[in-house]
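# Understanding the architecture of this molecule
So the chains spell out like this:
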Amino acid sequence: MAVRSAVIIGGGITGALTARELSLAGWKVTVLEAKHVGAGSSSRTAAGIRQQFSTPATVRGMRYSVGWYRRFTEEIEDGTCPIIQNGYLFLHEAPARWASALAVVAVQRAAGLAEVEALEGEELWRRFPWVDRERCIGGTFCPTDGFLLPHLVYNEGMRRARALGAEVVQSAPVLSAERTGDRVTAVHTPKGVFEADLFLDCTNAWSRRTGRILGAVELPVDPLKRYLWFLARGGSMTAETLGTLPLTIAPTGVYCRPENAESLLIGKLHATPPEVAFTYEDQDRVEPEFAPTSGTDAVPWALWAELAEFLPAVGEFDGFSAVTSGFYGTTPDHNPFLDYDPEIRNLIRLVGFSGHGVMFGPFTAWVARHLAEAGKRIATVPLDGHDLDVSNFHIGRTYDSHEQLVI
Ligand SMILES: Cc1cc2nc3c(=O)[nH]c(=O)nc-3n(C[C@H](O)[C@H](O)[C@H](O)COP(=O)(O)OP(=O)(O)OC[C@H]3O[C@@H](n4cnc5c(N)ncnc54)[C@H](O)[C@@H]3O)c2cc1C
């Protein structure tokens, strides 16, 4: 059988893990990255990984991703395991929201997430004594959730792809494409022209632009600015407690996780217009209202106070030590697109991760491999002994099954 060739556009976690997966399946892979590996959101992320979703296909998909990251050193054949399984704890204060959370737990258990726990009253405080007793009535906790060391994922993923024969070309932005009918035949970069049988768009927050460059459908993927702030440990919380905190989401949506035993990462979604023409520099631009150094009226100070209402010991921390930022590529229902482009028959779009692209990485690559092998849209992928319905990730879906657990 002739060797089939694939060009992957974008060298983040999605591109790296997809390059490895297609190389394993026998494809001759070339990755074209506009800047350098990890130049996008993959190096600016909170990197949480959870299976606590409301969409059953995502619960199963993230279960696959957790298992894959646990096997990382075998899958990558080297390296350090990048997953830290401190768990995810969603806290609740309103009875109606707690009732909804219990309904979602039932969905998660039905989707195979046996270890998710619904903790109420004394049991919650016994397990997590740093949670404020007056403010929280319950919490859902999954001990196998956690967070990742993202630089290991894209660097080791790309190294393994190279070892399997993939070529990785940096400083190679795709600027234009050649078409024959409904197929792309080649893409043009400053480093040359690259022909292939199959093309994969792994540019996430850039994917509207990539769509225009390739003459593909412009997908509803909005680049939305997101910030992360880092607080230095202080007061009564010990380094041991901080280092083992789960990724914790307060009822108001502000979340935190240990960056290490001395530093706490915090974040929260905020309303912001899509920045469709953002530059690479814009990824790291910190608007004054989001800069801790702007004074205590700035957003991060309010978020710190908000978090301390639910985790009082965090209120005793020393203060902000850093801020970072980047872009989500957000879709209307917060689920990604993992599908063939409707206009271009040999283009797979793997974009729109909406704050979930790191955890989706292994699952995305697995779906990509099955899409590539099928040569057309697929309804299911084999996953852990079952056929998983992937229609929630199709292009052109109706967006009526909106993911409810969005951070
Ligand atoms: C603040 C923040 C917090 C987050 N928290 C989480 C979290 O807790 N858990 C989680 O799973 N996800 C989280 N995310 C989202 C996650 O980081 C992204 O979904 C993920 O990194 C996307 O990876 P990617 O490889 O698809 O895209 P990227 O890493 O953005 O890579 C895309 C690449 O495409 C390249 N590119 C663009 N255009 C072209 C072109 N024309 N030619 C060639 N190359 C091109 C870019 O240079 C870039 O390197 C967060 C994101 C942010 C910003």
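Moving on, we come to the domain arrangement of the protein. Examined at the domain level, the protein breaks down into domain 1 (5-78 + 149-221 + 332-393) and domain 2 (83-148 + 222-329). Between domain 1 and domain 2, the C-alpha centre-to-centre distance is 28 Å. When domain 1 packs against domain 2, close to 3,200 Å² is buried across both sides, 55% of that on carbon and sulfur atoms. For domain 1, the biggest contributors to the area lost against domain 2 are R44, A46 and Q52; these three give 22% of the whole. On the surface where domain 1 and domain 2 come into contact, there are three salt bridges. When the shortest N-O distance is used, the salt bridge between R44 and D284 registers 2.8 Å. For the side of domain 1 that touches domain 2, the secondary structure elements donating two or more residues are β3 (48-49), α2 (56-70), α7 (207-214) and α10 (357-374). Element by element, the count of residues in the side of domain 1 that touches domain 2 is highest for α2, at seven residues. A per-class count over the side of domain 1 that touches domain 2 returns 19 nonpolar, eleven polar and nine charged.

Turning to the site of the ligand, a few remarks are in order. The local shell around the ligand holds 37 residues, among which T14, E33, S42, G48 and Y280 are the closest. A distance of 2.9 Å separates a nitrogen atom of the ligand from a polar atom in the backbone of V174. At 2.9 Å from an oxygen atom of the ligand is found a main-chain nitrogen or oxygen belonging to M359. When the ligand sits alone it has 1,000 Å² of accessible area, and the protein chains cover 97% of it.

It is worth spelling out the sheet that holds strand β11 (residues 183-189) at this point. What the three strands build is an open sheet, ordered β10-β11-β12; its pairing is antiparallel. Two strands in the sheet have a free side with no partner beyond their single neighbour: β10 (176-180) and β12 (192-195). Each neighbouring strand pair of the sheet contributes to a mean axis angle of 25 degrees, computed without reference to strand direction. Pairing geometry for β11 and β12, over four bridges, is antiparallel. Along β12, the bridge assignment pairs H188 with V193. Lying over the sheet, α7 contacts β10 and β11, oriented at roughly 50 degrees with respect to β10.

Rules of the game
- Residues numbered from 1 in each chain as written.
- Predicted model: local features only at pLDDT ≥ 70, side-chain atom pairs only at ≥ 80, totals over all residues.
- Heavy atoms only, no water.
- Domains from an automatic or database assignment.
- Buried area = accessible area lost by both parts, 1.4 Å probe.
- Salt bridge = Lys/Arg side-chain N within 4 Å of Asp/Glu carboxyl O.
- Helix = DSSP H or I, 4+ residues; strand = E, 2+ residues; numbered from the N terminus.
- Nonpolar A, V, L, I, M, F, W, Y, C, P; charged D, E, K, R; others polar.
- Near = heavy atom within 4 Å.
- Polar contact = N/O pair within 3.5 Å; in protein donor to acceptor, adjacent residues only side chain to side chain.
- Areas by Shrake-Rupley, 256 points an atom, 1.4 Å probe, with all protein chains shown as cover.
- Pairing = 2+ DSSP bridges.
- Axes fitted to C-alpha atoms, helices over the stretch in contact; angles between N-to-C directions.
- Contact = heavy atoms within 4.5 Å.

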